[in-house]
Amino acid sequence: MLGVNFASQSEKLELGGSARYNFSDRDALSTNYSERFLQNGNSYSNSNSKGRNKNTNFNADFRLEWKPDTLTNIIFRPNFSYGKSDGYSISESGTFNEDPFNLVSNPNAFLNKVVWDSEDDPLKDIRVNASNSESMSESKSLSANASLQLNRRLNSLGRNITFRGTFSYGDNDSESFSEALTRYFDAVAGKPDDDNRRYTTSPTKNYDYTAELTYNEPIAKATFLQFRYKFQYKYSESDRSTYDLIPDADKGQVWDWHFGDELPLGYENNRDQDLSKYAKYNYYNHDINAGLNLIREKYRFNVGVSLQPQNTTLTYKKSELDTIVKRSVFNFAPNIDFRYRFSKVSQLRFTYRGRASQPSMENLLDITDDSNPLNIRMGNPGLKPSFSHNMRLFYNTYNADRQQGIVAHAFFNATQNSITNGTTYNQATGGVTVKPENINGNWNASGMFGFNTALKDKRFTVSTFSRVGYTNAVAYLYNQQTTVNDKNTSTTLNLGEDVRGTFRNDWFEFTVNGSINYNFEKNKLRPENNQEPYTFGYGASTNINMPWNMSLSTNITNNAIPYEFHRVSVKDYFNDCMEEVRADLLSHNMTLNYNNYCAEDVKVVVDPDQLKRVINNIVTNAIKYTDKEEGHIDISIEESEKMIKVSINDDGRGIDKESLPHIFDRTYRADSARRSRGGSGLGLAICKKIVEEHGGKIWATSKKGEGTTIYFTLKKYIKEENKDEQNTDN
């Protein structure tokens with residue numbers, strides 16, 4: 001990566017910006033095997049895949065902050081980016097009606113099509129289907145966005161008004177070639193091979209703009225009314241065209257196209273109407289928020305409600321369906337935030353947030369997508385909106401004389417009318433048909449307790465971190481005998497404990513740590529699948545501060561972070577996260593500007609708790625190293641063809657260029673001021689580990705005295721052809 005920064009500052013004007021170029025070339029190999037639990041019997045799947053992705057990205061941003069007087073602040077932030085990616089992948093997969101490991105030690109060695117017809121195939125008696133595919137893609141993306149914020153304090157009692165406006169534009173063009181062969185081995189069903197050879201183009205365009213006005217009015221001593229109105233318009237258009245590259249004799253086509261060949265003459269006449277799709281969204285959203293904020297010496301109380309009338313128009317064309325669908329909905333989101341401060345270092349906080357979520361427009365269409373014969377998707381016009389309840393209780397205290405701290409946290413979430421996937425399994429083909437359904441009964445609760453203290457010799461500290469969590473997950477389980485989905489409940493009880501001991505003096509730091517995590521998993525309809533797995537880890541690290549601001553660090557670990565991956569909406573997930581971040585920043589006299597430029601239907605497969613840990617660690621760092629009376633954080637999310645990028649920018653003290661490359665190293669802290677604030681230096685290192693284990697990357701840019709921006713990327717969930725999809729929905 002190459003980059004350049006610039007900055008200038010005067011009494012009333014601050015200017016800054018950066019430009020970055022990044023190139024990456026990655027190879028990936030994966031071997032997978034999975035077991036699908038059915039009401040009667042199981043299905044087993046194995047796969048191999050190999051891929052290579054080359055990405056080129058250029059990004060430039062600019063920041064202007066102008067303070068024409070002591071009461072007015074104006075911030076303008078434009079951003080431009082261009083990206084190009086090339087990808088290649090080859091995969092093999094197979095589905096079996098018995099566990100293939102009972103017959104061979106390595107079933108994945110028998111997935112290539114050269115083995116399918118062999119008399120020596122050791123798996124021929126248990127095969128349900130097998131698939132081999134090869135694909136290549138190329139995409140180019142261009143995006144530009146800008147935000148403008150004007151803040152004016154109207155008096156010294158707390159009356160102020162803020163205007164925020166944003167605009168974004170995105171243009172993406174991609175094409176792909178693929179060849180895939182799927183064979184079915186059920187002789188009774190007699191289903192022929194699926195031989196697919198395709199060329200696909202997918203141009204997309206989108207833009208949106210928002211205008212937001214916030215007004216605070218003091219109505220009594222330390223009592224404020226808060227009003228916020230936000231209007232948002234979004235437009236997105238995609239036109240996917242898929243062409244069948246198998247020749248049609250009726251059209252006089254005699255070519256024999258295979259992967260790697262040039263496009264044959266006349267391919268345009270083979271447009272597949274069932275696999276091509278045109279979709280155009282026009283989305284209008286009004287967000288009206290009113291709240292009451294009481295600030296007293298010992299406590300703060302904030303109660304409010306957000307009303308969100310929305311209007312969406314979808315123009316949709318696929319196969320014989322050519323329709324315009326209009327939807328008008330009214331969402332509401334109540335919230336309560338109560339904080340009681342026992343002392344400057346001890347507080348209790350309770351929050352409640354409710355939120356209504358609508359199903360996607362395409363999920364409501366009565367259509368079937370059978371582009372992947374092993375993973376057929378259906379819409380459901382009868383889907384209802386879901387409503388989630390989130391409650392949190394937080395307590396912390398610190399004794400400076402003893403260097404002793406306590407933190408406790410409790411969380412509860414319940415969702416009415418959750419949207420989950422009902423899956424029908426075809427025993428003859430090994431494929432599935434997936435249809436979204438509403439279901440009730442999903443809830444989870446968790447708690448944690450942390451304690452750290454110095455010993456009698458203050459150079460020694462010990463800390464413990466205890467966790468407990470319980471999840472009640474309700475989903476549908478396909479019953480082969482009745483050919484319907486049964487409602488199944490699975491529960492998980494999680495218990496975890498981390499222990500850490502540290503010795504620290506002026507020049508030397510040594511830490512040992514250990515952790516253990518137990519899971520008790522129970523399944524109502526399939527109790528034979530109950531299990532009690534556990535993970536543990538341990539490690540040690542040292543950090544030596546040397547002359548000339550040098551340091552030497554070592555780290556030895558044997559540790560794994562347990563993940564529970566789910567497919568989540570980028571819009572819904574990050575909107576919920578930002579509500580918590582905004583409330584946390586307000587308690588530190590900081591503000592948040594949040595923009596999500598992703599389309600409504602963009603999803604990622606993540607561990608929601610671990611990803612939230614990444615965001616919290618980055619924001620906590622930003623809070624810790626912001627010395628201004630009124631700090632500010634900008635968070636934005638953008639999408640490219642295969643990734644989303646999250647940017648978290650603060651206006652804190654910044655990091656010098658010598659330290660910047662090391663901030664994600666374990667135990668590294670950039671300067672003596674940061675070391676004096678304590679901490680293990682593991683926060684950003686944990687972020688790096690979690691992001692990379694999600695298949696993304698993380699990096700940072702910074703300017704000393706101006707602030708730091710941390711970026712991380714996550715892979716978008718993309719329906720891959722000829723692959724049996726694991727059900728990652730909750």
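Residues numbered from 1 in each chain as written. Predicted model: local features only at pLDDT ≥ 70, side-chain atom pairs only at ≥ 80, totals over all residues. Heavy atoms only, no water.

J.: I'd like a rundown of helix H3 (residues 608-624), residues and numbers included.
T.: In a regular helix each residue adds 1.5 Å, so 17 residues correspond to 24 Å; H3 covers 24 Å between its end C-alpha atoms and thus fits that length. Looking only at H3, the buried set comprises Pro608, Gln610, Leu611, Lys612, Val614, Ile615, Ile618, Val619, Ala622 and Ile623. The backbone nitrogen of Asp609 lies 3.0 Å from a side-chain oxygen of the residue at the head of H3, namely Asp607. (Helix = DSSP H or I, 4+ residues; strand = E, 2+ residues; numbered from the N terminus. Expected span 1.5 Å × (residues − 1). Buried < 20%, exposed > 50% of the residue type's maximum accessible area, 1.4 Å probe, protein only. Polar contact = N/O pair within 3.5 Å; in protein donor to acceptor, adjacent residues only side chain to side chain.)

J.: Got a sec to walk through the sheet that holds strand S27 (residues 590-596)? Specific residues and values, please.
T.: Strand order in this open sheet of 5 strands is S27-S29-S30-S32-S31, and the pairing throughout is mixed. Where the open sheet ends on each side, the last strands, each with one partner, are S27 and strand S31 (698-703). Pairs of neighbouring strands in the sheet enclose a mean axial angle of 15°, with direction left out of account. Sheet topology note: the strand S30 (residues 643-650)/strand S32 (residues 707-715) ladder contains 7 bridges and is antiparallel. For Ile648, the partnering residue across the bridge sits in S32 and is Ile710. (Pairing = 2+ DSSP bridges. Axes fitted to C-alpha atoms, helices over the stretch in contact; angles between N-to-C directions.)

J.: Talk me through the environment of Trp66; I want residue IDs and the actual numbers.
T.: Along the chain, Trp66 turns up in strand S3 (residues 42-69). In sequence terms Trp66 and Arg613 are 547 residues apart; their C-alpha atoms lie 34 Å from each other. Setting aside its immediate chain neighbours within four residues, Trp66 contacts Lys12, Leu13, Thr72, Asn73 and Ile74. (Contact = heavy atoms within 4.5 Å.)

J.: With reference to specific residues and values, describe the sheet that holds strand S15 (residues 375-378).
T.: Judged by pairing direction, the sheet is mixed, and its 4 strands sit side by side in the order S14-S15-S19-S18 without closing on themselves. Two strands in the sheet have a free side with no partner beyond their single neighbour: strand S14 (368-369) and strand S18 (418-425). Direction of pairing for S15 relative to strand S19 (residues 432-439): parallel, over a ladder of 3 bridges. The partner of Asn375 across the bridge, within S19, is Val432.

J.: Now, about the layout of surface pockets: what can you tell me, with residues and values included?
T.: In this structure, the second largest pocket spans a volume of roughly 310 Å³. If you trace the second largest pocket, you find 15 residues lining it, with Gly3, Asn5, Lys657, Leu660 and Ser702 closest to the centre. Here the residues of the lining of the second largest pocket are counted per class, giving 6 nonpolar, 4 polar and 5 charged. (1 Å grid on protein atoms, 1.4 Å probe; cavity = no way out; pocket = protein on both sides within 12 Å on 5 of 7 lines; lining within 4 Å. Points joined across faces, edges and corners; volume = space filled by probe spheres on them. Nonpolar A, V, L, I, M, F, W, Y, C, P; charged D, E, K, R; others polar.)

J.: Any chance you could break down the pairing of S3 for me, citing the residues and the numbers?
T.: Pairing analysis gives 25 bridges linking strand S2 (residues 13-37) to S3, with the strands arranged antiparallel. Bridging across to S3, Arg20 finds its partner in Asn59. Linkage of S3 to strand S4 (residues 72-96), two consecutive antiparallel strands, is achieved through a turn of 2 residues.

J.: Lay out the confidence of the model for the protein in plain terms, naming residues and giving numbers.
T.: Any region with low pLDDT has predicted coordinates that should not be read closely. Per-residue confidence for the protein gives a mean pLDDT of 85; residues scoring 70 or more make up 94%. For the protein, per-element mean pLDDT is lowest for helix H4 (residues 672-676), which scores 39, and highest for strand S7 (residues 194-201), which scores 94. Across residues 667-681, confidence stays below pLDDT 50; counting only partners more than four residues off in sequence or on other chains, it has 37 contacts. Contacts for the low-pLDDT stretch residues 720-730, under 50 throughout, to residues beyond four places or in other chains number 40 contacts. (pLDDT = per-residue confidence, 0-100.)

J.: Pulling in residues and values, what's your account of the pairing of strand S21 (residues 460-479)?
T.: Note: strand S20 (residues 442-454) against S21, 12 bridges, orientation antiparallel. The residue bridging Gly450 from the neighbouring strand is Phe465, located in S21. Hairpin connection from S20 to S21: 5 residues lie between these consecutive antiparallel strands. By the bridge criterion, 20 bridges tie S21 to strand S22 (residues 484-504) in an arrangement that is antiparallel. Following the sheet pairing, Val462 is matched in S22 by Gly501.

J.: Requested: an account of the packing of aromatic side chains, with residues and values cited.
T.: As enumerated under the stated definition, the model contains 29 aromatic pairs in all. An angle of 20° between the planes, with centres 6.4 Å apart, marks the rings of Phe177 and Trp257 as stacked. Placement of Phe177 in strand S6 (residues 160-184) and of Trp257 in the loop between strand S9 (223-244) and strand S10 (277-295) is noted, with a sequence separation of 80 residues between them. Residue Phe177 is classed as buried on the basis of its relative accessible area of 14%. Each ring, one from Trp443 and one from Tyr470, has its centre 5.3 Å from the other, and the planes form 35°; the classification is tilted. One end of the pair, Trp443, is in strand S20; the other, Tyr470, is in strand S21, and 27 residues separate them in sequence. Note on Trp443: relative accessible area 30%, which makes it partly exposed. (Phe/Tyr/Trp six-rings, centres within 6.5 Å; stacked < 30°, edge-to-face > 60°.)

J.: Report on the nonpolar core, specifying residues and quantitative values.
T.: The biggest cluster of nonpolar side chains holds 42 residues, and the ones touching the most others in it are Phe574, Met578, Ile633, Ile635, Ile644 and Phe712. Excluding residues within four positions of it along the chain, Met578 makes contact with Leu592, Tyr594, Ile615 and Ile635. Listed in part, the 8 residues of the second largest apolar core include Tyr243, Trp255, Phe259 and Tyr267. (Core = buried A, V, L, I, M, F, W, Y, C linked by side-chain atoms within 4.5 Å.)

J.: Can you lay out the pattern of salt bridges for me, pointing to particular residues and giving the numbers?
T.: One pass over the structure, following the stated rule, counts 27 salt bridges. Asp634 is the salt-bridge partner of Arg77, the closest N and O atoms lying 3.0 Å from each other. A residue pair is termed long-range when its members are at least 10 positions apart, and Arg77 in strand S4 and Asp634 in strand S29 (residues 631-639) qualify at 557 residues. Comparing Arg77 with Asp634, the two get one shared label, buried. (Salt bridge = Lys/Arg side-chain N within 4 Å of Asp/Glu carboxyl O.)

J.: Explain a nonpolar patch on the surface to me, and be specific about the residues and the numbers.
T.: On the surface, a nonpolar cluster with roughly 650 Å² of combined accessible area is contributed by Leu2, Tyr21, Phe23, Phe58, Phe80, Tyr82 and Leu142. Going through the elements one at a time, S2 and S4 are the ones with two or more residues in the nonpolar patch. The residue Tyr82 is located in strand S4 in this model. By relative accessible area, Tyr82 is classed as partly exposed at 35%. (Patch = residues over 30% accessible without salt bridge, like charges linked within 9 Å, V, L, I, M, F, W, Y side chains within 5 Å. Areas by Shrake-Rupley, 256 points an atom, 1.4 Å probe, with all protein chains shown as cover.)

J.: So what's going on with empty space enclosed by the protein? Which residues, and what values?
T.: Unoccupied space between atoms shows up once a probe the size of one water molecule is rolled over them. Under the criterion given, the structure shown has 4 cavities of 30 Å³ or more. Size it by volume and the largest cavity reaches roughly 650 Å³. Lining the largest cavity are 38 residues, with Asp61, Arg63, Arg77, Asn649 and Thr709 positioned closest to its centre. By residue number, the principal contributor to the lining of the largest cavity is S2, which donates 6 residues.

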